[in-house]
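# Remarks on the overall topology
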Amino acid sequence: ISRKWYMKSLSLSRTPLFGLAMLLLFVAPAYSGELHDWNSYDISIPDNCTGVSSDLLLSGAASGAKITNVRLYAEVQHPRHSDLAIWLTFYDGGWKDLVLYNQGDLSTSGLLVISRLNLTRWNGLNPNQNWFLSVRDCQSGGVGSSYINFFELWVTYEVNVPPNSPSSPSHS
């Protein structure tokens, strides 16, 4: 081995770039996945602020998985959208709510479509949850059918895989 090459390799190991390369070798690799489900059962919405929910049980993500993104699509049928409060939630030691719609335009009625991308309210939490699309009609007197028509959810997650530790030598 030439002395010149040896000296260059020693000086390279002292550079910040070398340190970054070594750090990347020992960082736990990650993989991502997505949980998805829908509920198409009609759930009636009563008057006078009585809440109802359409639920989805998402499971199958590995232990230690963390949410990185949530997407939602929902359809709610109601004669007066201004009567409604709608939110997405799950319970994980406390309710984790996100209001999606709160007593909007007085002139709208019929099918209310809610589509949300890149919801980050739950980032870092466990994706294996029983999720609820909850609706409350806070006014009386709405004439016509009122129900949650459809609820669909996509939850993207990431899992860090710990690096393999060297096995202990056996003493036999």
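Residues numbered from 1 in each chain as written. Predicted model: local features only at pLDDT ≥ 70, side-chain atom pairs only at ≥ 80, totals over all residues. Heavy atoms only, no water.

Attention now goes to the state of the cysteines. For the coordinates displayed, the defined rule picks out one disulfide. Covalently, Cys49 is tied to Cys138 through a disulfide, its sulfur atoms 2.5 Å apart. Negative torsions about the S-S bond denote left-handed disulfides, and the value of about 130 degrees found for Cys49 with Cys138 makes this one right-handed. With Cys49 in the loop between strand S2 (43-44) and strand S3 (51-57) and Cys138 in the loop between strand S8 (130-137) and strand S9 (147-160), this pair connects stretches of sequence that are 89 residues apart. (Disulfide = S-S within 2.5 Å. Helix = DSSP H or I, 4+ residues; strand = E, 2+ residues; numbered from the N terminus.)

You can see Ser134 is positioned in strand S8. Its relative accessible area of 6% is what places Ser134 among the buried residues. A polar contact is formed between the side chain of Ser134 and the side chain of Ser53, at a distance of 2.7 Å. Discounting chain neighbours no more than four positions away, the residues touching Ser134 are Val52, Ser53, Ala85, Ile86, Trp87 and Thr89. (Buried < 20%, exposed > 50% of the residue type's maximum accessible area, 1.4 Å probe, protein only. Polar contact = N/O pair within 3.5 Å; in protein donor to acceptor, adjacent residues only side chain to side chain. Contact = heavy atoms within 4.5 Å.)

Attention shifts here to the side chain of His78. As for its placement among the helices and strands, His78 is situated in strand S4 (residues 66-78). We classify His78 as buried; its relative accessible area is 1%. Among the polar contacts listed, one links the side chain of His78 to the backbone oxygen of Arg80, at a separation of 2.9 Å. Setting aside its immediate chain neighbours within four residues, His78 contacts Asp83, Leu84, Ser109, Gly110, Asp137, Ser145 and Ser146.

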